[in-house]
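So you can see what is in the structure, the chains are spelled out below.
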Amino acid sequence: MEHKNSVERGKKLNIPAIESLGLDQTDITLLRRLQLKGRTKRNEIAEEVGMSLPAVSERMRKLEERGLLEGFYAKLNPKMAGLDVAVFITVTVESSSKYPEFLRAAEKHPEIMEVHAITGDGSHLVKARTWNTSTLERLLSQIQQWPGVKQTRTNVVLNTYKETMALPIEELS
């Protein structure tokens, strides 16, 4: 009955069924645990999902091969690392022929954390973290000199209330 209700809820909210993604409830439990605490030992995960250690290791390997599980990272506190200024920069690149150059430059820049192609005002949204307003000014100057960049508009983050890389996979179950 519980699975039927979750399927009905998923359809109502337009959430794909886990089966259509090639996943099962064990995969969801494993992924949820890794998102919550990436350093969880595999034997703890195996115990939680009721599988052997080799079986869990094999599932994780398959999830990595499929590209669903991309890696394991340490989450650093940006303020404790001195990166006190977070910004969202809307960038207008003059032509789609210039996008590859823009993306290569953004990829190389260590202060740029995310780059998204967007609709609406601008062509790309950039999330960056930097140390202070002087380094922000330098960053903006650099971006504005990249080939094809026509305009930037910057929003400085005053405070962050929620920031996560965890995907809402529990909605699939």
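Before reading on, note that the structure itself is shown above.
Residues numbered from 1 in each chain as written. Predicted model: local features only at pLDDT ≥ 70, side-chain atom pairs only at ≥ 80, totals over all residues. Heavy atoms only, no water.

**Side note on the sheet that holds strand S4 (residues 149-156)**
Moving on, step 1. The strand order S2-S3-S1-S4 describes an open sheet built from four strands, whose pairing is antiparallel. Because the sheet does not close on itself, it has two edges, and the strands there are strand S2 (112-117) and S4. Put simply, the sheet's adjacent strands are angled 20 degrees from each other on average, direction ignored.
Moving on, step 2. With seven bridges connecting them, strand S1 (residues 85-93) and strand S3 (residues 124-130) associate as antiparallel partners. Counterpart to Val-91 in the pairing with S3 is His-124.
Moving on, step 3. Each of S1, S2, S3 and S4 touches helix H6 (residues 133-145); the most contacted strand, S1, lies at about 15 degrees to it. (Pairing = 2+ DSSP bridges. Helix = DSSP H or I, 4+ residues; strand = E, 2+ residues; numbered from the N terminus. Axes fitted to C-alpha atoms, helices over the stretch in contact; angles between N-to-C directions. Contact = heavy atoms within 4.5 Å.)

**Points about the environment of Thr-152**
Moving on, step 1. Mapped onto the elements of the fold, Thr-152 is located in strand S4.
Moving on, step 2. When its relative accessible area of 16% is taken as the criterion, Thr-152 is described as buried.
Moving on, step 3. Taking the C-alpha atoms as reference points, Thr-152 and Ser-95, 57 residues apart in sequence, are found 15 Å from one another.
Moving on, step 4. Of note is the side chain of Thr-152, whose polar atom sits 2.8 Å from the side chain of Gln-144. (Buried < 20%, exposed > 50% of the residue type's maximum accessible area, 1.4 Å probe, protein only. Polar contact = N/O pair within 3.5 Å; in protein donor to acceptor, adjacent residues only side chain to side chain.)

**Quick word on the packing of helix H3 (residues 42-49) against helix H4 (residues 53-65)**
Moving on, step 1. Interhelical geometry of H3 versus H4 gives an angle of 100 degrees and a closest axis separation of 9 Å. It follows that H3 is roughly perpendicular to H4 by the angle criterion. Of H4, the residues touching H3 (which contributes Arg-42, Asn-43, Ile-45, Ala-46 and Val-49) are Leu-53, Val-56, Ser-57 and Met-60.
Moving on, step 2. Residue composition of the contact of H3 with H4, by class: six nonpolar, two polar and one charged. (Parallel < 35°, antiparallel > 145°, perpendicular 65-115°, else oblique. Nonpolar A, V, L, I, M, F, W, Y, C, P; charged D, E, K, R; others polar.)

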